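Listed here are the chains, written in short residue letters.
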Amino acid sequence: MTVDATPSEAQRIRRISPWRTFLTRPEFGSIIGAVFIFTLFWALTGFTVGKGFMSWQGFAAYIEVTAQVGILGATVSLLMIAGEFDLSVGSMVGAAGLILAMCVSTYGLPVWLGLLITFAFALAIGWINGYLVVRTGLPSFIVTLGTLYMLRGAGLALTRMATNGLTIVSGVNTSTAGDPLAWLFNGTIISIGGGDFKTELVWWIVVVLVSTWVLLRTRFGNWIFAVGGNKDASRSMGVPVSRVKILLFMATALSAAIFACIQVLSFGTADVLRGTGKEFEAIITAVIGGTLLTGGYGSALGSAFGAFVLGVTQLGIYFVPGFNSDWYAFVLGLLLLVAAMLNNWILRRASGARS
Amino acid sequence: MTVLSSSVPVLEARNVSKLFGRVLALKDVSLSVRAGEVNCLLGDNGAGKSTLIKMLSGVHRPDSGTLAMDGEPITLSSPHDAQKRGIATVFQDLAVLPLMSVSRNFFLGNEPTVGVGPLRRFDIATADRVAREQMHEIGIEVRETSQLVGTMSGGERQTLAIARAEYFGARVLILDEPTSALGVKQSAIVLRHILRARARGLAVIFITHNVQHALPVGDKFTILSHGRSAGEFKRGEVSLEQLLSLMGGGSELAELATELEQLRAAGASLDAG
Ligand SMILES: Nc1ncnc2c1ncn2[C@@H]1O[C@H](COP(=O)(O)OP(=O)(O)O)[C@@H](O)[C@H]1O
Ligand SMILES: [Mg+2]
């Protein structure tokens, strides 16, 4: 059975325009959303330039929020594409922060050792999350809800024991001042017009780029999509389903630890309750970024735009006359609903637009 | 393609049984397939066809009985193990992932890579090119290799799964009801691929509960009924009516008269292709 036409001829005839391809990309909605939200808040603040929302200071403020939630959002997106949730990232931020603070402040360990212990702890908890999910077959929603409460409870109890009844560990700055490793997490890279852009921005960009590269350009990334699309089909094709999931739970825990180190080394204190609610913000970031709640489809790059939408909304509300931060939760919920509906629409176009 | 000896089956199940809790899904069933041969596994829904081929592809272990490849007893530890031995299975319902692109599906689990160490990456250019070539050869023009498989028709998806199995050097191709969700025309395309695989020397196990699809392509017919073997026949030894009554569907013969016309049409278009 031979056919004369060469494949390259056939492919030239049937090219789809790059624009149409873009319209069916999972991150399409988030890019539109980011532009829309930014313009909306700029409009609500009267299109002023140079102060308030549209100033270097304002920009630095929402980039800070964006970068921090974006670090979580990128890895959470990968995990969600693989069909799982991690509700423990929020309390992991609190727990990892406490461990770092106690290491360097309470026990006087060098910063490098404190960081090492913190990251090792996070990876271990991530591994446990993943192992429990693949072993028990329970929904990750339940398993990580369990670890969410266990981490928070143990964090509170153990810190009180170690610090004579306090749940906040302070005095971290005095032990880390001038430490080059600490600078990696709290250093200022550049100051423009009174706005400080800090190393968290670089962490965010690195996490997003690595996540995107892994997802789109490696074998492991192909497995992430497959595992979330259909676990059994993937296994029958030889994909190591359990290994993929466990590694992704370790990645989300690791990103929570990075987030924690940034916060502790920037503020100089650690608080068990810090990070509360971040698990849902990370999920919202992922959904706005075009990732399906049901797995199998999504984008790590999109989560960066999702994080930007979150950051601009959270900070932008302060700049709008007559509004206050009470409205943040309302707008966040609204954005989630709109994004989820938009994702469905894009997916229908991508998988149904046959022409 | 060298066929060592066509008298030794490439793959066989010898007197295998399988229990699911208290349900005896299979009892004492044997099946074998040789290179360049199509063995049609026939039986009504729930007869145990899928259970049998899942044992042959490493998903289930037989509770009793043995599996053999080239006459040697083997144990299949996982689907991956079976794949490595050259047993390619297109499972019922879960042949492909609809939210992934054609080339990502094609190479799932066998992704080509370039680079070394931490920079080792999925060679997307090669994957796209090979997937496009293979799909082209099997008669499907892929507009964009980034096209999601969900946009393809049922027949095209089955074809993709078959092309993939053939490309990765399978010696045995197992197809679990590839035509059950397809129309007459699309079924004919899949049947043509089965004949093509046979011509290339593959051993093919083709599962169906549709006798009209089995008759034109089968060299051998193995019939299961309620988890037991109801006989094995060579091509020409058995008629449509006999096969149907063995499968337990004899009473529906009347209704078949019209479908037989379709069969002849499908058979004719097969010969033409
Ligand atoms: N994993 C399983 N657990 C329990 N029972 C099963 C399982 N797989 C199949 N069965 C039972 O075994 C019998 C044969 O099923 P199956 O092999 O799927 O039939 P077929 O493919 O011929 O339609 C059915 O009664 C089915 O309910
Ligand atoms: Mg079946």
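Structure first, text after, so check above.
Residues numbered from 1 in each chain as written. Chains lettered and ligands numbered in written order. Predicted model: local features only at pLDDT ≥ 70, side-chain atom pairs only at ≥ 80, totals over all residues. Heavy atoms only, no water.

All names here are of chain B. Pairing is mixed in the open sheet, where six strands are placed in the order β6-β9-β10-β3-β11-β12. Pairing within the sheet leaves two strands with one partner each, and these edge strands are β6 (87-90) and β12 (228-234). Pairwise comparison of adjacent strand axes, ignoring direction, gives a mean angle of 15° for this sheet. Where β6 meets strand β9 (residues 172-176), four bridges bridge the pair, whose relative direction is parallel. In the strand pairing of β9, T89 is matched with I174. Against the sheet, helix α5 (residues 154-167) contacts β6 and β9, and its axis sits at roughly 175° relative to β6. On the sheet, helix α8 (residues 240-247) packs against β3 (38-42), β11 (220-225) and β12 and is oriented at approximately 30° with respect to β11. (Pairing = 2+ DSSP bridges. Helix = DSSP H or I, 4+ residues; strand = E, 2+ residues; numbered from the N terminus. Axes fitted to C-alpha atoms, helices over the stretch in contact; angles between N-to-C directions. Contact = heavy atoms within 4.5 Å.)

A few words on the side chain of B:K49. Structurally, B:K49 is set in helix α1 (residues 49-56). From its side chain, B:K49 meets the backbone oxygen of B:G43 in a polar contact 3.0 Å long. (Polar contact = N/O pair within 3.5 Å; in protein donor to acceptor, adjacent residues only side chain to side chain.)

All names here are of chain B. Taken together, the neighbourhood of ligand 1 is formed by F20, A25, D44, N45, G46, A47, G48, K49, S50 and T51. The separation between an oxygen atom of ligand 1 and a polar main-chain atom of A47 is 3.2 Å. Taking G48, its main chain carries an N or O atom lying 3.0 Å from an oxygen atom of ligand 1. For ligand 1, the accessible surface in isolation is 560 Å², of which the surrounding protein chains cover 59%. In terms of residues, the shell around ligand 1 owes the most to one element, α1, which gives three residues. For the shell around ligand 1, the class distribution of residues is three nonpolar, five polar and two charged. (Near = heavy atom within 4 Å. Areas by Shrake-Rupley, 256 points an atom, 1.4 Å probe, with all protein chains shown as cover. Nonpolar A, V, L, I, M, F, W, Y, C, P; charged D, E, K, R; others polar.)

All names here are of chain A. Using the criterion set out here, one finds 14 salt bridges over all chains in the structure. In this structure, the salt-bridge partner of K278 is E281, at a minimum N-O distance of 3.2 Å. Of this pair, K278 and E281 both sit in helix α14 (residues 278-288), three residues apart, roughly one helical turn. Per residue, the accessibility class of K278 equals that of E281, and both read buried. (Salt bridge = Lys/Arg side-chain N within 4 Å of Asp/Glu carboxyl O. Buried < 20%, exposed > 50% of the residue type's maximum accessible area, 1.4 Å probe, protein only.)

So, on to a nonpolar patch on the surface. All names here are of chain A. The grouping of I189, I190, V202, V206 and V210 at the surface amounts to a nonpolar patch, some 390 Å² of accessible area in total. Of the residues forming the nonpolar patch, the biggest block, three residues, is contributed by helix α10 (residues 199-217). Examined against the element boundaries, V202 turns out to sit in helix α10. (Patch = residues over 30% accessible without salt bridge, like charges linked within 9 Å, V, L, I, M, F, W, Y side chains within 5 Å.)

In this section: the layout of surface pockets. Space left empty within the atom packing is revealed by a probe, the size of a water molecule, rolled over the atoms. Considered as a void within the structure, the largest pocket measures approximately 830 Å³ in volume. Secondary-structure elements contributing two or more residues to the lining of the largest pocket are α2 (18-23), α10 and α16 (326-352) of chain A together with α3 (102-106) and α4 (124-137) of chain B. The biggest single contributor to the lining of the largest pocket is α4(B), with four residues. (1 Å grid on protein atoms, 1.4 Å probe; cavity = no way out; pocket = protein on both sides within 12 Å on 5 of 7 lines; lining within 4 Å. Points joined across faces, edges and corners; volume = space filled by probe spheres on them.)

This part covers the pairing of β3(B). All names here are of chain B. Across the five residues of β3, five count as buried, placing the element largely inside the fold. By the alternation rule, side chains of β3 split into V38, C40 and L42 and N39 and L41, which are all buried. In the sheet, β3 pairs with strand β10 (residues 203-208) via five bridges, with the strands oriented parallel. Each residue of the ladder has a partner; that of N39, found in β10, is I205. With four bridges connecting them, β3 and β11 associate as parallel partners. Looking across to β11, one finds that L42 is bridged to I223.

Turning our eyes to something else, we now look at α5(B). Residues and elements named next belong to chain B. Given a rise of 1.5 Å per residue, 14 residues ought to cover 20 Å, and the 20 Å separating the end C-alpha atoms of α5 matches this to within 8%. Among the residues making up α5, those that are buried are G155, Q158, T159, L160, A161, I162, A163, R164, A165 and E166. Tucked inside the fold, the buried residues of α5 contact β6, α3, α4, β9 and α6 (184-199). Just downstream of α5 lies G169, where phi reads positive at about 70°. (Expected span 1.5 Å × (residues − 1).)

The subject of this paragraph is the packing of aromatic side chains. Scanning the model with the defined rule gives 25 aromatic pairs over all chains in all. For the pair A:W327 and A:F330, a centre-to-centre distance of 5.5 Å together with 90° between the ring planes defines the contact as edge-to-face. Note that A:W327 and A:F330 are positioned in helix α16 at a spacing of three residues, about one turn of the helix. Residue classification places A:W327 among the partly exposed positions, given a relative accessible area of 40%. Residue classification places A:F330 among the exposed residues on the basis of a relative accessible area of 52%. With a centroid separation of 6.1 Å and 80° between ring planes, the pair formed by B:F107 and B:Y167 is classed as edge-to-face. Pair noted here: B:F107 is in the loop between α3 and β7 (113-114) and B:Y167 is in helix α5, with a separation of 60 residues, a long-range link. An aromatic cluster of three or more residues is present, and its members are A:F38, A:F41, A:F53, A:W56, A:F59, A:Y62, A:F197, A:F308 and A:F319. (Phe/Tyr/Trp six-rings, centres within 6.5 Å; stacked < 30°, edge-to-face > 60°.)

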